[in-house]
Each structure stands twice: as structure tokens, then as C-alpha cells.
Amino acid sequence: MTTEKPKTRSRWVLAFQLLLVMGFLALVWFIFAQTVLNPPKPAGVPDKLAGLELDSQVEGPEALAQVNKLHGIDIKLVKAYIAEYSHGNQRVTAWVATAGSPQGAAELIRRMAQGIERGGSPFSNLQRLTIGDQEVFEVEGPGGKSFFYHSNEPADRVVWLTIAAPNAMPLLGQAVKTF
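The structure displayed is predicted, hence computed values, not measured ones.

K.L.:
Tell me about the packing of aromatic side chains, and please be specific about residues and values.
P.N.:
Scanning the entire structure with this criterion turns up four aromatic pairs. Between Phe 148 and Trp 160 the ring centres are 5.0 Å apart and the planes differ by 5°, which places this aromatic pair in the stacked class. Within this pair, whereas Phe 148 is found in strand β7 (residues 144–150), its partner Trp 160 is found in strand β8 (residues 157–164), the two being separated by twelve residues in sequence. When its relative accessible area of 14% is taken as the criterion, Trp 160 is described as buried. Through pairs of rings, three or more aromatic residues link up here, namely Phe 123, Phe 137, Phe 148 and Trp 160.

Shown next, in the form of C-alpha cells:
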């Protein structure tokens, strides 16, 4: 009988150690799945936009670099993200940037509108629209209709939308509410 107790005890110790290892592996898998397989979205990036699904997103320094590359200069943004949505034959790409101050955002929008009006840009036919209480600029160019505006809330945000859809206005209305 004395020989049986140590064997039983060692089996319990082995089972406990195996349980600890399995628990640790499960924790590592959970953390990996949450951070690598399903990375967190930046605050404010919705999963859907007017029935369109979020396809991809770029944020942080990479998004800032892409926005600056589009302008050909460093436009002094604090942060940015780019989100692409689609469903069927509808597609929306949103470039959302924080200028650091409401005055900086207003100045950036003014410079963008003046640059398009002068010509020499792939965008033309600058039009002003009002969506709700938001002033929005519409332009024609590559990828569909594009719209840009200085957000009312938060007031330091600048948004550029490219909308490829048979009717862009419902998507624009929802995007203005969202971004």
C-alpha cells in the first residue's frame, strides 16, 4: 500500500502540471488571436457604413505617410486612418485625418479647394454642397466621385471620401454622419 500512494500522488502532480501547461497555451492562443488575427480598429472606425462592410484599414504612421504622399508634402497632420468599405458595386474609401486644431483643419480644406480650382490636379469641377449642416466639397476625378470637408465634430478633423456607386448621395449622407 505504501508503494501505491507515491504513484497516485505523482499522477496527480503530472495531471496538474499538464493542466497548467494547457491553460498557459490557451492563454497564449487567446492573446495571439485578439492582437494578431483580429487587431483592434482605431477608435471611431465603424465596421459598417450604410450597409457596406469594412474591407481594410490603415492607421498610424503608415496612414500619415500615405496621406502626405497624396499631397506631395508633409501637411502637418497629428493622426490619420484610411478605411475601405464595399458591398456589391458600391465602394467607399475614407481618408480621415486629425489636423491638431480646428484652424489647421479649416486651412487644409481651404488649400485643397484652392489647389483644385487652380487646376493641374487630377480632380476638377469643384462644387459646394450642404449635407445636413455640413459644408462639403464635391469633385470629379479618379475612382469615382470624391468629397471632402472639415468636420463639424470633432472640429479638427478633415475627411476625404471617394465614392464609387450608382447613387453616391445616400452614402455621402451616411458618411458625413459617421466621419
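K.L.:
Run through the nonpolar core, naming residues and quoting values.
P.N.:
Core analysis: the largest hydrophobic core is formed by 22 residues, its most contacted members being Tyr 85, Val 92, Leu 161, Ile 163, Leu 172 and Phe 179. Of all the elements in the fold, those that place two or more residues in this core are β3 (79–87), β4 (90–98), β7, β8 and α4 (168–178). Broken down by element, the residue count for this core peaks at five residues, all from α4. Setting aside residues no more than four positions away along its own chain, Val 92 makes contact with Leu 49, Leu 52, Ala 83, Glu 84, Tyr 85, Leu 161, Thr 162, Ile 163 and Leu 171. With 20 residues, the next largest nonpolar core counts Leu 64, Val 67, Ile 109 and Phe 123 among its residues.

Calculation criteria
Residues numbered from 1 in each chain as written. Predicted model: local features only at pLDDT ≥ 70, side-chain atom pairs only at ≥ 80, totals over all residues. Heavy atoms only, no water. Phe/Tyr/Trp six-rings, centres within 6.5 Å; stacked < 30°, edge-to-face > 60°. Helix = DSSP H or I, 4+ residues; strand = E, 2+ residues; numbered from the N terminus. Buried < 20%, exposed > 50% of the residue type's maximum accessible area, 1.4 Å probe, protein only. Core = buried A, V, L, I, M, F, W, Y, C linked by side-chain atoms within 4.5 Å. Contact = heavy atoms within 4.5 Å.

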